[in-house]
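# Coordinates in review
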Amino acid sequence: MTSVFVLDGSGDVDEFVGGYTDWMSHVTQEKQNKPAVVVKKTAEVSKQEKPVAAKKKKLSFKEQQELDKLPQMIDELEAKQTR
């Protein structure tokens, strides 16, 4: 069985069953049948993702403490590894 992994340009990966030529035929047929729907879907997806991406999550107090301790832990582990 042959399959092709397709990158659609929006960060999604799809698997298409068949070879590259089969996929190209499929894409060509889809473009001829409904080009406006594909563009509209892409626009809707990008509008939905922007608010989520713009929201930044701050580190919790515990996470910040762990982050601050990392350099010391790395030094200790490297020293242990050399011994």
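To keep things clear, this report deals only with the structure shown in the data block.

Cut-offs applied
Residues numbered from 1 in each chain as written. Predicted model: local features only at pLDDT ≥ 70, side-chain atom pairs only at ≥ 80, totals over all residues. Heavy atoms only, no water. Helix = DSSP H or I, 4+ residues; strand = E, 2+ residues; numbered from the N terminus. Buried < 20%, exposed > 50% of the residue type's maximum accessible area, 1.4 Å probe, protein only. Areas by Shrake-Rupley, 256 points an atom, 1.4 Å probe, with all protein chains shown as cover. Phe/Tyr/Trp six-rings, centres within 6.5 Å; stacked < 30°, edge-to-face > 60°. Expected span 1.5 Å × (residues − 1). Bend = angle between axes of the 7 residues up to and from the residue. Patch = residues over 30% accessible without salt bridge, like charges linked within 9 Å, V, L, I, M, F, W, Y side chains within 5 Å. Salt bridge = Lys/Arg side-chain N within 4 Å of Asp/Glu carboxyl O. Pairing = 2+ DSSP bridges. Contact = heavy atoms within 4.5 Å.

### Side note on the overall build of the protein chain
On a plain count of helices and strands, the protein chain comes out with 3 helices and 2 strands. Order of helices (α) and strands (β) in the protein chain, N terminus to C terminus: β-β-α-α-α. Taken over 83 residues, the protein chain has a buried fraction of 7%. For the protein chain, the exposed area adds up to about 8,000 Å²; of that, 57% sits on carbon and sulfur atoms.

### Quick word on the packing of aromatic side chains
Following the criterion strictly, the structure yields 1 aromatic pair and no others. For the ring pair Tyr-20 and Trp-23, a centre distance of 5.8 Å and an interplane angle of 45° mean the geometry is tilted. One end of the pair is Tyr-20 and the other is Trp-23, both in helix H1 (residues 20–33) and 3 residues apart, which spans about a single turn.

### Quick word on helix H3 (residues 61–82)
With 22 residues, H3 extends 33 Å between its outermost C-alpha atoms, agreeing within 8% with the 32 Å of an ideal straight helix rising 1.5 Å per residue. Considering bend angle alone, the principal kink of H3 is centred on Leu-70 and spans about 40°; proline Pro-71 follows within four residues of it.

### Considerations on the environment of Asp-22
Here Asp-22 lies in helix H1. In this structure Asp-22 comes out as partly exposed when scored by relative accessible area, which is 44%. Sequence separation between Asp-22 and Ser-3 is 19 residues; the distance between their C-alpha atoms is 9.7 Å.

### Details of a nonpolar patch on the surface
A cluster of nonpolar side chains, contributed by Leu-59, Leu-67, Leu-70, Met-73 and Ile-74, occupies part of the molecular surface with about 440 Å² of accessible area. Among the residues examined, Leu-67 registers a relative accessible area of 43% and is labelled partly exposed.

### Brief notes about the pairing of strand E1 (residues 3–7)
Residues of E1 alternate between two faces, with Val-4 and Val-6 buried on one and Ser-3, Phe-5 and Leu-7 left unburied on the opposite face. Sheet topology places E1 next to strand E2 (residues 13–17); 5 bridges connect them, and they run antiparallel. If you follow Ser-3 over to E2, its bridge partner there is Val-17. Count of turn residues in the E1/E2 antiparallel hairpin: 5 residues, of which Gly-9 carries a positive phi of about 90°.

### Concerning the environment of Thr-21
One can find Thr-21 in helix H1. On the accessibility criterion, Thr-21 (59% relative accessible area) is exposed.

### Some words on the environment of Val-6
Along the chain, Val-6 turns up in strand E1. Sequence spacing of Val-6 and Phe-16 is 10 residues, and the spatial spacing of their C-alpha atoms is 7.0 Å. Discounting chain neighbours no more than four positions away, the residues touching Val-6 are Asp-12, Val-13, Asp-14, Phe-16 and Trp-23.

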